[in-house]
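# Per-entry structural report
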Amino acid sequence: VDVMLSELKIDIDLSLYRVIKLNIVMIVVCHWCGCLWYMMASLSILFGQSQNWREADENNELFSISHSDFGGFAAYLRSIYWAIVGMSTVGYGDIVPTNIIETTFA
């Protein structure tokens, strides 16, 4: 972020700089946490777990969610949603771990 702002030769005050840097860091961390959470469902299948969060999320009758929507991008969005909700609040409980692998990660 420092290099990017110095190359653009943008002069901003320190408080605005800190807010921008915090937001960029949060976006990157949410992306990585979401990707790892998505991977936990794949690892659950690989290690022979009978259920994973993706299947539970798709089979939930309260939602009409298909993770294959938008070429699979919907599953990524749900993973990012889980990361954002988990990092910013105590979580809503609509996406939950369903086995020991996911529970350990969460």
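Attention here is on the structure that accompanies the text.

How each quantity is defined
Residues numbered from 1 in each chain as written. Predicted model: local features only at pLDDT ≥ 70, side-chain atom pairs only at ≥ 80, totals over all residues. Heavy atoms only, no water. Helix = DSSP H or I, 4+ residues; strand = E, 2+ residues; numbered from the N terminus. Expected span 1.5 Å × (residues − 1). Contact = heavy atoms within 4.5 Å. Phe/Tyr/Trp six-rings, centres within 6.5 Å; stacked < 30°, edge-to-face > 60°. Buried < 20%, exposed > 50% of the residue type's maximum accessible area, 1.4 Å probe, protein only. Lys NZ or Arg CZ within 6 Å of the ring centre and 35° of its normal.

Turning to helix H4 (residues 73–88), a few remarks are in order. Between the first and last C-alpha of H4 there are 22 Å, a value that for 16 residues agrees with the 22 Å anticipated at 1.5 Å per step. Among the structural elements, helix H2 (14–46), helix H3 (53–59) and helix H5 (100–105) are those in contact with the buried residues of H4.

Within the structure shown, the criterion is met by five aromatic pairs. Relative to tryptophan 53, the ring of tryptophan 37 has its centre 5.5 Å away and its plane inclined at 20 degrees; by these criteria the two rings are stacked. Here tryptophan 37, found in helix H2, pairs with tryptophan 53, found in helix H3; they are 16 residues apart in sequence, far enough to count as distant. Residue tryptophan 37 shares its accessibility class with tryptophan 53, and that shared class is buried. Aromatic side chains tryptophan 37 and tryptophan 82 sit 4.0 Å apart centroid to centroid with 5 degrees between the ring planes, which places their arrangement in the stacked category. Taken together, the residues tryptophan 37 in helix H2 and tryptophan 82 in helix H4 connect sequence positions 45 residues apart. The two residues tryptophan 37 and tryptophan 82 agree in class, both being buried. Within the aromatic cluster, the residues linked to one another by ring pairs are Trp37, Trp53, Trp82 and Phe105. In this structure, arginine 54 is placed above the aromatic ring of tyrosine 38, and the distance from its NZ or CZ to the ring centre is 4.2 Å.

Between its terminal C-alpha atoms H2 stretches 47 Å, which fits the 48 Å expected from 33 residues at 1.5 Å a residue. Phi for glycine 48, located one or two positions after H2, is positive at around 80 degrees.

Along the chain, histidine 31 turns up in helix H2. Look at histidine 31 and you get partly exposed, because its relative accessible area is 30%. Placed 45 residues apart in sequence, histidine 31 and tyrosine 76 show a C-alpha to C-alpha distance of 9.1 Å.

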